[in-house]
Amino acid sequence: MRFRAKIVDLACVNHFSRIINTIARLAKTCILRLTVFKLYFILSDKVANGGASMWCELSQGNFFDEFQMEGVAAEHNEIYLELVPENLSRALKTAQNAKAVKIKLTNKHCPCLRVAVELPSLSSSNRIVTHDIPVGVIPRRMWNDFREPSVPDFDVSIYLPALKTMKSVVERMKNLSNFIVIEANLSGEMNLKIETDLVSVTTHFKDLGNPPWASEDGCQSSAQGRDLESMAEACIDIKKLQQLLAGQQVNPTKALCNIVRKRIVHFILLHEEVSLQYFIPAIA
């Protein structure tokens, strides 16, 4: 099992660093899955237990100048590592004006991801700062626990308003309640609501647009035979939503949410070469 990679382009270093920051805000520990073409960061708190789950994938070719890996076996050419993303985020903070960043899987006393940051220096020799981040190697028999979460049949899919706007609304509401109701319809309308014994507050968003999801046979199934005005709603933990919005450094070009009535809210943030999915289960 071997892995080594190198990023030389500073813009790529900083972009990668922002993605790791976002992940560190969403997960205390996560699984890093390495394949030949992609990296995945996976958080699979069992949604049934009320935990949120996350699936973030990026194409390595868009970030790394060199990327070599040998998986567990020829027919299973993948590596699954458990790590604390905050540690990786901290290591990358030293790389803001790096000449290069090298990442390598090592096993001196225990398995580690070694992050070596080559910094510019005034003398002819380069300064290299090294961070060893302990990782756990996930055995092959447990890989199935970290499959891509299936997207349940949703009642409504809608584009999100500007995330900054949404974040400031949610931050104000968080002081009033632990729960927030998200509701949306197929006419591009979405409401964020909180209701307590003392107060009820609703923020309305209009003209957001609904993604044109096509079904397998190419015809759009989602809106057929549906009442476009009828709202699908789910009540979720406001802290989990705030975490997603506050940690947002991916700057998505597209952000949308799918609501399964009273079951789950599924967020998808897309940015060129990165996609982040976040699932928040509804509270009964």
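Rules used throughout
Residues numbered from 1 in each chain as written. Predicted model: local features only at pLDDT ≥ 70, side-chain atom pairs only at ≥ 80, totals over all residues. Heavy atoms only, no water. UniProt positions renumbered as here; feature names shortened; annotations may be inferred. Disulfide = S-S within 2.5 Å. Buried < 20%, exposed > 50% of the residue type's maximum accessible area, 1.4 Å probe, protein only. Helix = DSSP H or I, 4+ residues; strand = E, 2+ residues; numbered from the N terminus. Pairing = 2+ DSSP bridges. pLDDT = per-residue confidence, 0-100. Contact = heavy atoms within 4.5 Å. Salt bridge = Lys/Arg side-chain N within 4 Å of Asp/Glu carboxyl O. Domains from an automatic or database assignment. Buried area = accessible area lost by both parts, 1.4 Å probe. Polar contact = N/O pair within 3.5 Å; in protein donor to acceptor, adjacent residues only side chain to side chain. Nonpolar A, V, L, I, M, F, W, Y, C, P; charged D, E, K, R; others polar. Arc of directions from axis to C-beta. Phe/Tyr/Trp six-rings, centres within 6.5 Å; stacked < 30°, edge-to-face > 60°. Patch = residues over 30% accessible without salt bridge, like charges linked within 9 Å, V, L, I, M, F, W, Y side chains within 5 Å. Areas by Shrake-Rupley, 256 points an atom, 1.4 Å probe, with all protein chains shown as cover. Lys, Arg positive; Asp, Glu negative; His and termini not counted. Charge placed at Lys NZ, Arg CZ, Asp CG, Glu CD.

With an unreviewed UniProt entry as reference, the protein chain is termed Checkpoint protein HUS1, source organism Rhipidura dahli. Of the protein chain, the UniProt comment under Subunit (unreviewed entry) reads exactly: "Component of the toroidal 9-1-1 (RAD9-RAD1-HUS1) complex, composed of RAD9A, RAD1 and HUS1. The 9-1-1 complex associates with LIG1, POLB, FEN1, RAD17, HDAC1, RPA1 and RPA2. The 9-1-1 complex associates with the RAD17-RFC complex. HUS1 interacts with POLB, HDAC1, FEN1, PCNA and RAD9B. HUS1 does not interact with RAD17. Interacts with DNAJC7."

Let's shift gears to the state of the cysteines. In this structure the tally under the stated criterion is zero disulfides. Just so you know, Cys 110 is unpaired, no disulfide at all, and the nearest cysteine sulfur is the one on Cys 112, 3.9 Å from it. Free of any disulfide, Cys 235 has its nearest neighbouring cysteine sulfur in Cys 257, separated by 14 Å. Since its relative accessible area comes to 25%, Cys 235 is described here as partly exposed.

Turning next to the pairing of strand 2 (residues 30–34). Of all the five residues making up strand 2, five are buried; the element is thus mostly covered by neighbouring parts of the structure. Across the two faces of strand 2 the burial is the same, with Cys 30, Leu 32 and Leu 34 and Ile 31 and Arg 33 all buried. Note: strand 2 against strand 6 (residues 79–83), five bridges, orientation antiparallel. In the strand pairing of strand 6, Ile 31 is matched with Glu 82. Taking the residues that link successive antiparallel strands as the turn, the strand 2-strand 3 (residues 38–44) hairpin has three residues.

Confidence along the protein chain averages 89 in pLDDT terms, with 93% of residues attaining 70 or more. Throughout residues 214–221 the model reports pLDDT below 50, and contacts reaching past four residues in sequence, or to other chains, amount to six contacts.

Time to look at the pattern of salt bridges. Throughout the structure, instances matching the rule amount to nine salt bridges. Residue Arg 2 is joined to Glu 70 by a salt bridge in which the shortest nitrogen-to-oxygen separation is 3.4 Å. With a gap of 68 residues between them, Arg 2 in strand 1 (residues 2–7) and Glu 70 in strand 5 (residues 66–70) connect regions that are remote in the sequence. Notably, a salt bridge pairs Asp 237 with Lys 240, separated by 3.6 Å at the nearest N-O pair.

According to the domain assignment, the protein chain consists of domain 1 (2–145) and domain 2 (156–218 + 225–281). Here the C-alpha centre of domain 2 lies 29 Å away from the C-alpha centre of domain 1. Listed as interface residues are 20 residues of domain 1 and, on the opposing side, 18 residues of domain 2. Summed over both partners, the interface of domain 1 with domain 2 buries about 1800 Å², with 58% contributed by carbon and sulfur atoms. Considering only the side of domain 1, the residues that lose the most area to domain 2 are Thr 22, Arg 25 and Leu 26, jointly responsible for 30% of the buried surface there. At the junction of domain 1 with domain 2, the criterion picks out zero salt bridges. At the boundary of domain 1 with domain 2, the tally comes to six residue pairs in polar contact (both at pLDDT 80 or more). Those elements that place two or more of their residues in the side of domain 1 that touches domain 2 are helix 1 (10–26) and strand 4 (53–59). In the side of domain 1 that touches domain 2, the residues fall into nine nonpolar, eight polar and three charged.

Turning to helix 2 (residues 85–93), a few remarks are in order. Along helix 2, the positions that sit buried rather than exposed are Pro 85, Leu 88, Ser 89, Ala 91 and Leu 92. The arc that holds the buried residues of helix 2, viewed along the axis, is 160°, so those residues lie on one side. Elements that come into contact with the buried residues of helix 2 comprise helix 1, strand 2, strand 6, strand 7 (100–107), strand 8 (111–119) and strand 9 (127–134).

What follows covers the packing of aromatic side chains. Within the structure shown, the criterion is met by six aromatic pairs. Judged by centre distance (5.3 Å) and plane angle (65°), the rings of Phe 3 and Phe 67 are edge-to-face. One end of the pair, Phe 3, is in strand 1; the other, Phe 67, is in strand 5, and 64 residues separate them in sequence. These aromatic residues form a ring-pair network of at least three members: Phe 3, Phe 16, Phe 63, Phe 64 and Phe 67.

As a further point, take a positive patch on the surface. Together, Arg 4, Lys 102, Lys 104 and Lys 108 make up a region of like positive charge exposed at the surface. If you trace the backbone, Lys 102 turns up in strand 7.

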